[in-house]
Structures are given as structure tokens and as C-alpha cells.
Amino acid sequence: MEARAAQIAGAENRDVALLERLGEARKALEGEIARRVIGQHSIVEGLLTALLADGHVLLVGVPGLAKTLLISTLAEALELNFRRIQFTPDLMPSDITGTEVLEEDRATGRRMFRFVPGPIFANVVLADEINRTPPKTQAALLQAMQERAVTAAGQTMPLDRPFFVLATQNPIEQEGTYPLPEAQLDRFMLELRIGYPTREEEERIAMETTGASQPQVRHALTGAELMELQQLVRRVPAAPSLVSYAVRLARATRPDDADAPDLIKRYVSWGAGPRASQYLVLGAKARAAMNARGVPNFDDVRAVAPAVLRHRVVTNFQAEADGRTNDSVVEELIQISRKWT
């Protein structure tokens, strides 16, 4: 009995030390990213939240807002293997997963097929302009994102951990694009919307990026440490009341649910599925751990809710006629949900 108590106490002390390490790692990562990316603090926080929760991220923003630079800098600071895939209309699934090539053994003359892994076999995969490729190619990411494995050449091969897909999308240029289907959107934990920098930030950008110096990014965290912190986030306890609130919030986006508010029944065709409930809880845990708190609260759920729900809510024609967007509907729902607590 005493040995068991000592073991539990040791595990608790270890988690306390990991919480402190997480706080240090967060500051270090934010500092390294700030060497190259000016501003966008809420976007960086969202990326770190998703990384700690082991989720994928869709970044939406107009060109020139450093989406690609932000992702590549994050991978460099984490000392992870990084690959960038430029999605184009002629991209094929094998260009992502890999392909078989026929080789001849010079000694024996025997021919055989050898599988050449594609860029999906990396720790951090940047799917740049993901909506510029047809659905068949977009679907090549589905198994990798959900199961962390790739089936090619008749074999299922696991991907190295940690594994993240960070995709970018341009919201204004829709000619020649293929909107992501709901099944693939649901694979992304968060959709982060990147806005323009402030005047002061843009002046700094113009000053610091037009000089001769090129800032170097140092390693702030290793992949093994990141996976250890991900397990810590999983161990963060969530109160039953918090889980109940997160589930109720996700279910409230479904217009056919009995408890859905009139707002949702009026403006929404389809709501969020069970993954939204999972990501609301995981995101709240990650956010609490990032702020050195051992228990998440309702504010943590509400903080991650817009990014978790906005791409899972499909608005109808009435919403378009009334000038309502996914964001405005979700924000109003979050305000309504404050009465539940």
C-alpha cells in the first residue's frame, strides 16, 4: 500500500515538473517564432494548442500573411522533419503518399519494385493551398490525418510521431479551387483565421524583413519532449461538468437537436459531430496546461470553441440572406452558452 502511494506521489511530482517544463517550452517557442514572424500572437497560441492536443490545423488567410513561414519556423524550432506540399490541380495522390519504382539489380539482372515514400512521411507536413487540388488528391490525406498511417503499394505503413498536417487556404481567390468536403474539414482540430497585422506591426515587418540580417531559429523543444507533453495534456483531469458543457455546446450546433437554440434552427443546416466534443475538451486541457493550470475551466472551452466549431457548422440560405456567417453564428452561440454555467 505504501509503495503504491509512493508511486502515485512520484507520478504527481513528475506531472508538476512537466507542467513547469511546458510553461518554459511555450515561452521559448513563442520567442523563437517571434524572431521571424511579427505579431499573430493568437494564431501562434492556437498552433501550440493543437500541437499539444495532437491535432491538425487549417490556416485561412489572404496571401502574404506569413502562413507558410509560420509553419516552417515552428517545425524548425521543434527540431522536426518538415515537408511542404504545394497543392496544384495536376497533383496526384501518389505525389503525396509515394510510389513504386522498378529497379534492376546490376549484379543479378533481377527487376523488382521499390516503394519511394512521399512527402507525407514527415513530422510536420505543410499542405499549401490545399483547396487547389481535386478531391481525389485531397482524400490522400484522410487516412494519414486520422490513423497516422498510409496505405500504398498494398501495405499499410505507420507514420513517425509526432505527426501534424498544417494546411493553408486562401479565402478570396476561389477560381480554380476545390472546396474541402466536410469529411476532410472534420479531420482538422482547429481552423485559424489569420488577419492583417496592425500598422505598427506592418512597419516592423517592412523594417526587419528588408535588411541584410536573417534571424536564425534555435531548437526550443524536441519531438520526444513534445510527445511527453502531449501525454501530460491527456492526463490533465477534466471535471464531469466541463465535459458536459463541451458536449452540450457541440450538440447545440445541430439544428435537429431538441436543445438547439432558435439561432441554430434558423441559420444552420448541419452541425458539428462528436469530434467537436473531443476537441473542445482536449483544447481546454491543452490551454490550461499551457498556462500552468492543472485543471481546465469553462473559459478554456469557450476560448477554443470558435476555432473548433467554425468549420464544422454549415449555414443555410437564410443565414446568407441575413448576412450571417459561420463565425457570427458560433460567437452568438457561445454567448448563449454562458447562461448554462
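Presented here is an overview of the structure given in this document.

About the cut-offs
Residues numbered from 1 in each chain as written. Predicted model: local features only at pLDDT ≥ 70, side-chain atom pairs only at ≥ 80, totals over all residues. Heavy atoms only, no water. Phe/Tyr/Trp six-rings, centres within 6.5 Å; stacked < 30°, edge-to-face > 60°. Helix = DSSP H or I, 4+ residues; strand = E, 2+ residues; numbered from the N terminus. Buried < 20%, exposed > 50% of the residue type's maximum accessible area, 1.4 Å probe, protein only. Lys NZ or Arg CZ within 6 Å of the ring centre and 35° of its normal. Pairing = 2+ DSSP bridges. Expected span 1.5 Å × (residues − 1). Axes fitted to C-alpha atoms, helices over the stretch in contact; angles between N-to-C directions. Left-handed = near helix turned anticlockwise from the far one by under 90°. Contact = heavy atoms within 4.5 Å. Nonpolar A, V, L, I, M, F, W, Y, C, P; charged D, E, K, R; others polar. Salt bridge = Lys/Arg side-chain N within 4 Å of Asp/Glu carboxyl O.

1. What about the packing of aromatic side chains?
- Scanning all chains against the criterion turns up 2 aromatic pairs.
- Aromatic pair Tyr245 and Phe298: ring centres 5.2 Å apart, planes at 80°, arrangement edge-to-face. Here Phe298 lies in helix α13 (residues 298–309) and Tyr245 lies in helix α10 (residues 240–251), a separation of 53 residues in the sequence.
- With centroids separated by 6.1 Å and ring planes inclined at 70°, the aromatic side chains of Tyr245 and Trp340 adopt a geometry described as edge-to-face. With Tyr245 in helix α10 and Trp340 in the segment after α15 (326–337), this pair connects stretches of sequence that are 95 residues apart.
- For Trp340, a relative accessible area of 22% translates into the label partly exposed.
- Over the aromatic face of Trp340 sits the side chain of Arg248, whose NZ or CZ is 4.1 Å from the ring centroid.

2. Quick word on the pairing of strand β1 (residues 56–60)
- With 5 of its 5 residues buried, β1 lies for the most part within the structure.
- Neither face of β1 is open: one carries His56, Leu58 and Val60, the other Val57 and Leu59, and all of them are buried.
- Strand direction decides the pairing type here: β1 and strand β8 (residues 164–169), joined by 4 bridges, are parallel. When the sheet's bridge partners are listed, Leu59 is paired in β8 with Thr168.

3. A word on unusual backbone geometry
- The omega torsion across Arg161 and Pro162 is -5°, close enough to zero to call that bond cis.
- Within the element layout of this structure, Pro162 appears in the loop between β7 (155–158) and β8.
- The phi angle at Gln40 is positive, at roughly 55°, despite the residue not being glycine.
- Along the chain, Gln40 falls in the loop between α1 (2–34) and α2 (41–52).
- Even without glycine at this site, Asp54 takes up a positive phi of about 60°.
- The topology assignment puts Asp54 in the loop between α2 and β1.

4. With respect to helix α12 (residues 274–290)
- Relative to the 24 Å expected for 17 residues at 1.5 Å per residue, α12 spans 24 Å between its end C-alpha atoms, a close match to the ideal helical length.
- Within α12, 14 of the 17 residues are buried, leaving the element largely enclosed by the surrounding structure.
- In the stretch just after α12, Ala292 is the one whose phi turns positive, near 60°.

5. Focus on the packing of α13 against α15
- Taken N-terminus to C-terminus, the directions of α13 and α15 make an angle of 150°; their axes are 10 Å apart at the nearest point. When you trace α13 past α15, the crossing you get is right-handed. Contact residues: Arg302, Ala305, Pro306 and Leu309 in α13; Val330, Glu331, Ile334 and Ser337 in α15.
- Grouping the amino acids of the contact of α13 with α15 by side-chain chemistry returns 5 nonpolar, 1 polar and 2 charged.

6. Topic: the pattern of salt bridges
- A full pass over the atoms with the stated rule returns 22 salt bridges.
- The residue Arg266 makes a salt bridge to Asp322 at a minimum N-O spacing of 3.2 Å. Note that Arg266 is positioned in helix α11 (residues 262–267) and Asp322 in the loop between α14 (317–321) and α15, a separation of 56 residues in sequence.
- Judged by its relative accessible area of 34%, Asp322 is partly exposed.
- Taking the shortest distance from any N to any O, the salt bridge between Arg293 and Asp300 comes out at 2.8 Å.
- The exposure class assigned to Arg293 is partly exposed, which follows from its relative accessible area of 27%.
- Linked by salt bridges that have partners in common, Glu45, Arg287, Arg293 and Asp300 make up one network.

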